[in-house]
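Close look at the chain arrangement
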Amino acid sequence: MKHIFPILIVSLAAWSCAENRAPQSAVHNEENAVYYWKTVFHPDSADMAFIKRHDVGRVYLRMFDILLDGEVIPNASVKVNMEAYRLLTDSLSNKEFVPVVYITLDALKAVKGQEGELASKIATRVRNMCEYNALPNVGELQLDCDWTATTESSFFSLCDSVKQSLASLGLPWRLSSTIRLHQLMRKVPPVDNGVLMVYNTGSFDNPDAENSIISLADVEPYVKHLSNYPLHLDVAYPTYSWQLLFRKRQFLGLVNGLNLADSTQFTQGGNHVYSARRDIPYNNRIIRAGDMVRQETSPYNDILAVKNCIERQLIDRPHSNILYHLDSKNLSKYMADEIDNLYSTNH
């Protein structure tokens, strides 16, 4: 592999994240937080009202994905809407921003032995994007990767190399990573802190799963590892919904916006499952008669049950709770006091 990916070349904005970074500390402050996981950063009025109402102090902003497409490349880089610049210099200027880079397993496998080169390009690209987009109060970079036993050494090497790259760029940022439930049973990555992802807890490609987004039964086997896990952990909970398409019990992918209540197109079965009555055009594909669609949501009571289970394990460990993600359509399904309950901790 000759190239990992080209470094983003940008002119520096007058207000750079180097001049507005959050103070460095071993562990950041407890803050209500959200992930922002869209390709355009453009919070609407409902998003801003949510941030204000719930005193959100930290935004985890997805910057780009790293995937394998012949070679390892950045993909779907976030763009800041011009109107959002005014928010960044006004209503959001006192918020902490954490840039997040998502790394696919295929990409991680492809750079084995070249983790240092990838790390340098990640750090430089994120630095440039922060400066170009004038992100305020940046004091941390997060790597999001579902590393496994076979890719653990590569991911850990990448983390070490990213730390070195940040230092060489003069950026005194913390490095964090997401932690999946199954990773709680493995070695701790060489990062300053982590975010426990308590969503996508089940197998979304299992046609018999009750709810692959969040389920207490899926979480309970792992929580016993929490109290002694030797890394500061914040916790992220889901507030999203999705539709999963199956054909002959094989998972075909995610769909969005299907009117499952339309009885001329779908027949409802049990467990939020619907069957297509006839062929239905959908974007550039056809949903075939007999295909199954499972509608999954993040019910408040289910989130709360999981959260209470986790809080009992973290009772003596200060932490922040994070919602995934900032989307007014999904968040509007919860009452304000329910959101307050999800953000509350035992401290």
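Structure first, text after, so check above.
In this report, we go over the structure that sits alongside the text. (Residues numbered from 1 in each chain as written. Predicted model: local features only at pLDDT ≥ 70, side-chain atom pairs only at ≥ 80, totals over all residues. Heavy atoms only, no water.)

**Regarding the nonpolar core**
Let me state the cut-off plainly: What is meant by a nonpolar core is a set of buried Ala, Val, Leu, Ile, Met, Phe, Trp, Tyr and Cys residues, joined one to another through side-chain atoms within 4.5 Å. Under the scheme applied here, a residue whose accessible area is under 20% of the maximum for its type counts as buried, over 50% as exposed, and between as partly exposed, the area being computed with a 1.4 Å probe on protein chains only. Contact definition: two residues touch when any of their heavy atoms are within 4.5 Å.
Within the largest apolar cluster, 93 residues are counted, with the highest numbers of intra-cluster contacts made by F41, I103, I122, L143, L158 and I310. Look past the residues within four positions of F41 in its chain and what remains in contact with it is Y36, L61, V78, K79, V80, N81, A84, L88, L92 and F97. Counting 11 residues, the second largest nonpolar core, distinct from the first, contains L258, Y274, A276 and V293.

**Focus: the packing of helix 7 (residues 300-313) against helix 9 (residues 336-343)**
To be explicit about the condition: Helix axes use the C-alpha atoms of the stretch in contact, all axes being lines fitted to C-alpha atoms, and the angles between their N-to-C directions lie in the range 0 to 180 degrees. A run of H or I in DSSP becomes a helix once it reaches four residues, and a run of E becomes a strand once it reaches two; helices and strands are each numbered from the N terminus. Angles below 35 degrees are treated as roughly parallel, those above 145 as roughly antiparallel, those between 65 and 115 as roughly perpendicular, and all remaining angles as oblique. Should the near helix be turned counterclockwise from the far one by less than a right angle, the crossing is left-handed, whereas a clockwise turn marks it as right-handed.
Interaxial distance between helix 7 and helix 9 falls to 10 Å at its minimum, and their mutual angle equals 20°. Looking at the two axes, helix 7 sits roughly parallel to helix 9. Considering the relative orientation of helix 7 and helix 9, their crossing is left-handed. Every residue of helix 9 that contacts helix 7 at Y300, I303, L304 and K307 is listed here: E338, N341 and L342.

**Thoughts on the sheet that holds strand 11 (residues 242-247)**
Inclusion rule: Pairing between two strands is assigned when DSSP locates at least 2 bridges connecting them.
Read across the open sheet, the 5 strands follow the order 12-11-17-14-13; overall the sheet is antiparallel. Only two strands of the sheet have a single neighbouring strand rather than two, namely strand 12 (250-255) and strand 13 (266-268). Strand-to-strand twist of the sheet, defined as the mean angle between neighbouring strand axes without regard to direction, takes the value 30°. Bridge count between strand 11 and strand 12: 5 bridges; the pairing is antiparallel. Directly across from L245, in strand 12, lies its bridge partner G253.

**What to know about the pattern of salt bridges**
Where we set the bar: Put simply, a salt bridge is a Lys or Arg side-chain nitrogen that is within 4 Å of an Asp or Glu carboxyl oxygen.
Applying the stated criterion across every chain yields a total of 15 salt bridges. The partner of D146 in a salt bridge is R180, and the shortest N-O contact between them spans 4.0 Å. Of the two residues, D146 is situated in the loop between strand 7 (140-144) and helix 5 (152-168) and R180 in the loop between strand 8 (174-179) and strand 9 (193-197); the sequence distance between them amounts to 34 residues. Under the relative-accessibility criterion, D146 is labelled partly exposed at 29%. Between K163 and D192 there is a salt bridge, with its nearest N and O atoms 3.9 Å apart. Remark: D192 occurs in the loop between strand 8 and strand 9 and K163 occurs in helix 5; sequence separation between them is 29 residues. Look at D192 and you get partly exposed, because its relative accessible area is 30%. Because the salt bridges share partners, they merge into one network encompassing R58, E96, E140 and R174.

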